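# Residue-level structural notes
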Amino acid sequence: FANINTHPFPLLKDVVCLFIHIIQLTMSQFLKTITSRRTHYALQNTLPEGVTVDQVQSIVQQIVKHTPTSFNSQTVRAVIVTGELHKQIWGSVADAIENESGKKRPISAKEEAYGSIIFFDEEETVKKFQTDFAIYAPYFPIWATTANGAAQINTWAALQEIGLGGHLQHYNGYVQAALGDRVPKSWSVQAQIVFGTPVSGPYEKTFIDNEVKVLDK
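So, a few notes on the structure that sits alongside this text.

Definitions and limits used
- Residues numbered from 1 in each chain as written.
- Predicted model: local features only at pLDDT ≥ 70, side-chain atom pairs only at ≥ 80, totals over all residues.
- Heavy atoms only, no water.
- Helix = DSSP H or I, 4+ residues; strand = E, 2+ residues; numbered from the N terminus.
- Contact = heavy atoms within 4.5 Å.
- 1 Å grid on protein atoms, 1.4 Å probe; cavity = no way out; pocket = protein on both sides within 12 Å on 5 of 7 lines; lining within 4 Å.
- Points joined across faces, edges and corners; volume = space filled by probe spheres on them.
- Nonpolar A, V, L, I, M, F, W, Y, C, P; charged D, E, K, R; others polar.
- Buried < 20%, exposed > 50% of the residue type's maximum accessible area, 1.4 Å probe, protein only.
- Arc of directions from axis to C-beta.
- Polar contact = N/O pair within 3.5 Å; in protein donor to acceptor, adjacent residues only side chain to side chain.
- Axes fitted to C-alpha atoms, helices over the stretch in contact; angles between N-to-C directions.
- Parallel < 35°, antiparallel > 145°, perpendicular 65-115°, else oblique.
- Left-handed = near helix turned anticlockwise from the far one by under 90°.

### What about the environment of Phe-133?
- Within the secondary structure, Phe-133 is located in the loop between helix H5 (123-132) and helix H6 (140-161).
- For the pair Phe-133 and Phe-71, spaced 62 residues apart in sequence, the C-alpha separation works out to 9.8 Å.
- Apart from residues lying up to four places away in sequence, Phe-133 is in contact with Phe-71 and Phe-140.

If you want it as structure tokens, here you go:
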């Protein structure tokens, strides 16, 4: 409406104002979810009260399904590991690292976290699109990695919304070896979100001066 305050139907004006207010609140909550996401290293091997593995699975499933991919290639895959398998995988990662200081993070993931979400690229799908659209062949692996990163950050933010803490890791080759034949050979590990109940707040985050400018010429 050009001038909502002089609209001839006051009730309709109130409805429109309420709708605009709801949109503003929704956007505010969305930005709060994004900006409040933080790394939590100090975790407990539990889920927050009221949170279930089924709920975590549902969140990850929806994010993987709806994360955009180039040419709708749908290359993102994920699994959630908990319990003894979670401990086994991170124990294997720690054992495979020779440097003692390098074992610290995998050991903490094994002993302190409840589970891990492991993200993959489906390499056969990437190769198929490289063949079908050869002119873009060099870019499909890059686009797949970009989509995977989007799924990771969205998952991380969504988990924090339900009270979980987590940290993002990239022990990709070690995790791939530890998984063995539990996943298809065409699934290439890209990242791991280690999650559990946070036991302390995140470290303070500092920011560089990085203004986003609007260019019109």
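### A short note on the layout of surface pockets
- Counted as a void, the largest pocket has a volume near 170 Å³.
- Within the residue set of the lining of the largest pocket, elements represented by two or more residues are helix H2 (53-66) and strand E2 (76-82).
- Here the lining of the largest pocket is composed, by residue class, of 5 nonpolar, 2 polar and 1 charged.

### Quick word on H5
- All of the buried residues along H5 are Thr-125, Val-126 and Phe-129. Each buried residue of H5 lies within a common arc of 100° when the element is viewed along its axis, so the set occupies one face.
- Buried residues in H5 make contact with E2, strand E3 (115-122) and H6.
- Its side-chain oxygen placed 3.2 Å from the backbone nitrogen of Glu-124, Glu-122 serves as the N-cap of H5.

### Some details on empty space enclosed by the protein
- Going through the model one piece at a time under the given rule, you end up with 1 cavity of 30 Å³ or more.
- By volume, the largest cavity amounts to about 50 Å³.
- What lines the largest cavity is simply Thr-69, Ser-70, Ser-73, Thr-75, Thr-125, Val-126, Phe-129, Phe-140, Trp-143, Ala-144 and Ala-147.
- Those elements that place two or more of their residues in the lining of the largest cavity are H5 and H6.
- Ranked by residue count, the leading element in the lining of the largest cavity is H6, at 4 residues.
- Within the lining of the largest cavity, the residues separate by chemical class into 6 nonpolar, 5 polar and no charged.

### Points about the packing of H5 against H6
- Where H5 contacts H6, the axes come no closer than 9 Å and their chain directions differ by 140°. Classified by the interaxial angle, the pair formed by H5 and H6 is oblique. In this structure, H5 crosses over H6, and the sense of that crossing is right-handed. Contact residues: H5 offers Val-126, Phe-129 and Gln-130, while H6 offers Phe-140, Pro-141 and Ala-144.
- Looking at the contact of H5 with H6 residue by residue, the classes come out as 5 nonpolar, 1 polar and no charged.

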